[in-house]
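A structural walkthrough
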Amino acid sequence: MPLASLPKPPNRAPIRIAFALVLLWILSWPAFPQQPVAPAPPAPAQESREAGPPKRIPRQMALTTGAVDGIVRERISEGVSRPVAGAKIELRGSQLKESIAGISAGDGVFRFLLNSPGDYELRVEAEGYAGFEIASLLVNANEVVTLEIFLVSTTRAALQSRLPRLVELGPPLPGETIMAVGSYREFRHRLDSDPNYIVELAPEALPPVADVFNAVPDRWALMQPDYRRYSAQGEYIYTKPHWYDPFNRNRFKGDQPIWPAVLGQQVFLNITGSAETFLDGKRVPTPSDVSSAQAGTPGFFGRGEQFFLDQTLRVSFDLFHGDASFKPVDWRIRVTPELSLNYLDVRELGVVSPDVRNGTTRFDSHLGLQEAFVEVKLHDLSPNYDFVSVRAGIQEFNADFRGFLFVDEQLGVRVFGNWKSDRIEYNVTYFNFLEKNTNSGLNTFNRRDQQVVLGNMYLQDFLFPGYTVEFVGAWNKDDPSIHYDDNGFLVRPAPVGNVINQGVGPIPHGIRVGYFGWLGSGHIKRLNLTHAFYQAVGEDTFNPIAGKPVTVNAQMAAVELSLDRDWIRYRLSTFYSSGDANPRDGRARGFDSIVDLPNFAGGLFSFWNREALRLTGSGVALTTEGSLLPSMRSSKEEGQANFVNPGVFLVNAGIDFDITPKLKGFANFNYLRFMHTEPLEDVLFQAPIRHGIGEDLGVGVQYRPPLSENIVLTGGASMLQPGPGFHDIYTGRTQFSIFGVAKFTF
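Keep in mind the model is a prediction, meaning the values are calculated, not measured. (Residues numbered from 1 in each chain as written. Predicted model: local features only at pLDDT ≥ 70, side-chain atom pairs only at ≥ 80, totals over all residues. Heavy atoms only, no water.)

Structural notes on the overall build of the chain
The condition is simple: Labels follow the DSSP assignment, with helices taken as runs of H or I lasting at least four residues and strands as runs of E lasting at least two, numbered in each case from the N terminus. The classification of residues rests on relative accessible area computed with a 1.4 Å probe and restricted to protein chains. Under 20% of the type maximum is buried, over 50% is exposed, and intermediate values are partly exposed. Throughout, a contact is declared for two residues whenever any of their heavy atoms are within 4.5 Å. Areas reported here follow the Shrake-Rupley algorithm with a probe of radius 1.4 Å; residue values treat only the protein chains shown as occluding.
When you go through the chain residue by residue, the secondary structure sums to six helices and 36 strands. Here the chain holds 746 residues, and the buried ones make up 40% of them. For the chain, contacts bridging at least 24 residues in sequence account for 62% of all contacts bridging at least 6. For the chain, the exposed surface amounts to about 41,600 Å²; the carbon and sulfur share of it is 60%.

Below is the structure:
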């Protein structure tokens, strides 16, 4: 059909205009009158748990300072740049004469905080880059000025061509220097320019509680996501806890409150169980005694081979109130029982018991209470976790770094704490000793008449960073008493010299000795240093070797130097304890400790340190187990200190090897000699006795399979090659020892 013949659409404009006029007339009509409605009473206030519109909480105090920060970059090409690290930046005030210097970090970032408002000049210098300067930089109060600075490299670019240079043109011209012109961009931000910032906010306009914080009923029991799609072996985060797993949120290992519904969310329980197996096979000088195990043998010394096995089970219950870490606990209750099962097998009679009818073997068991104390924090001294606390009951205490004077678990009261952000630590203690079981060394419930008062103080970073100095003062009051050990041997007083008064019996005597010590441990640059010095003064009311009361004046000194080089530590050390040159003059000059357990000169891997050597022809030992001192006392735990002794001088060389992160090796050598042999000659009725004790060699390894202290396997072997003095007292036969320790801890 032709377009001209199509009908025209109707004109609807008049209809639209009429509809608009009617609509305007309706909207302009007055509203119908309505009855007034009383306002509804306000609903009771309820805690809001729904998110409201975003609003800012006003600051508590307006800032009066400003800040300048930014980043320093080098432009590589258009749109490509890299940070400039180590750039020296100086911000200098033009009017206030204020100058602040800084260095850009590895990502090129720098910051100047808490700057006074004013006009500043900023300079940037970096090696290999042209300097950059902003002559005027205005910093306002409550404002952050952020700068993006681009430096230009000052390297010379030689003009090069791909075509070879003709010889007749002469040498090439030097490269032209690139014009070094830096640039920067500036960004400013003020809190007052935030449209949501409200200077004065009414309380009813505050955001809902749900926008401010979220209350969590128990923050310790938050469920962790199970993000692993496939099962795999190894250590992973968000591991589900189990009661037998001591590492992953275990309620019985202090990771979570033990009973939050009743005791609250700050009371924790830490249960620690350990099983330790100790094996020791040795050959030491052993006399045949009055009745030989092998009838008809003519030798004075019998067979000295001995085997000892000790199996201990220890469980510690530690209930405390506080945080799981950092902050000192508010109070603590700890109880630790320990069970010992021990077995001894020797080759001669009279060793396990003075009654030869008891044979050559012994099995014994004992349950001791090694810890039972209550601890309370008395006061916080500063906001840096400085505090003072008191602990009362059976507790462990070590008086110094290496255990030279006192290491024991005894009944007492201890006041301790720190000061100056833990730079100064201090202890003041009083102990009233318990008797020890002879074969296990564990506590009994019987008192022994011995008391010790001790105080020490540690000063960290003393003169040198990483070096700690310690000062010790102690008083040992060991009252007269008569005591036989669990095997029937007389140990107090020591059965030697004039100990027996004919017709009366043993003569008890008391010890009143004070100790003053200066010690240090740490490093001075690369050199590791440990040193100790003790002075002992006092009296012994009746020393059995001297046969009279004696005054005590004795000294002990030790120094160890070590150097770490890669995976090896080289050690050199020396140990000295004074000896008595005249045992009958009424002055005791041989040093003896209270209860020592030194980790020095090889420790467990030293034959002289680990093994006890009984002094033949007397009821005392030349050395006791776990001691470097030839104190000639009957027992370290049950006997009394003896200050009439020969003393010792020791020179040590050793090497420690970190073979792998789990395996460590030890090699140790000691040369030993007596300081004075007159006390030995007086007791043994033998003269002369020379000074050389011999050479002590030891090796050992320590293995930790899971790289923690839960499983620790230690083993070693040591030997003592007798010197002339040892040969005079005992024999020239080589003495040896092989031991192993397996410790499992939960």
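Section: the pattern of salt bridges
For the record, the criterion: Whenever a carboxyl oxygen of Asp or Glu lies within 4 Å of a side-chain nitrogen of Lys or Arg, that contact is scored as a salt bridge.
Summed over the entire model, instances satisfying the criterion amount to 35 salt bridges. Residue E305 pairs with R347 through a salt bridge whose shortest N-O separation is 3.9 Å. Here E305 is found in strand 13 (residues 305-321), whereas its partner R347 is found in the loop between strand 14 (331-346) and strand 15 (361-380), with 42 residues between them in sequence. By relative accessible area, which is 34% here, R347 ends up partly exposed. Here D564 ties to R569 by a salt bridge, and the two come within 2.6 Å at their closest N and O atoms. On the accessibility criterion, D564 (33% relative accessible area) is partly exposed. Overall, R569 belongs to the partly exposed group, its relative accessible area being 31%. Connected through salt bridges with shared partners, the residues R314, D318, R332, R334, E338, E371, E375, R391 and E409 form a single ionic network.

Quick look at the nonpolar core
We count it as follows: The criterion is simple. A nonpolar core is a set of buried Ala, Val, Leu, Ile, Met, Phe, Trp, Tyr and Cys residues joined through side-chain atoms within 4.5 Å.
Ranked by internal contacts, the top residues of the largest apolar core, which has 60 residues, are F575 and L615. At five residues, the largest contribution of residues to this core is made by strand 27 (residues 548-565). Setting aside chain neighbours within four positions, we find L615 in contact with V620, A621, L622, M632, L680, V683, L684, I729 and Y730. Core analysis: the second largest hydrophobic core is formed by 21 residues, V84, F110, Y120 and V145 among them.

So, the sheet that holds strand 7 (residues 132-139)
Defined as follows: At least two DSSP bridges between two strands are required for those strands to pair. The axes used here are C-alpha line fits, helices contributing only the stretch in contact, and every angle between their N-to-C directions lies in the interval 0 to 180 degrees.
Read across the open sheet, the four strands follow the order 4-3-6-7; overall the sheet is antiparallel. The open sheet terminates on both sides in strands that have one partner only, identified here as strand 4 (99-103) and strand 7. Going from strand to strand, the sheet's axes swing by 20° on average, the running direction of each strand aside. In this structure, strand 6 (residues 118-125) lies alongside strand 7, joined through six bridges in antiparallel fashion. For V124, the partnering residue across the bridge sits in strand 7 and is F132.

Quick look at the environment of V139
Relative to the assigned elements, V139 resides in strand 7. Classification of V139 as buried rests on a relative accessible area of 1%. Residues in contact with V139, not counting those within four places in the same chain, are G66, A67, V68, P117, G118 and Y120.

Remarks on the pairing of strand 2 (residues 80-83)
Examined bridge by bridge, strand 1 (residues 66-77) and strand 2 share four bridges and lie antiparallel to one another. Note that in strand 2 the partner of S77 across the bridge is V80. Linkage of strand 1 to strand 2, two consecutive antiparallel strands, is achieved through a turn of two residues, within which G79 is found at a positive phi near 85°.

Distances and angles like these do not, on their own, reveal function.
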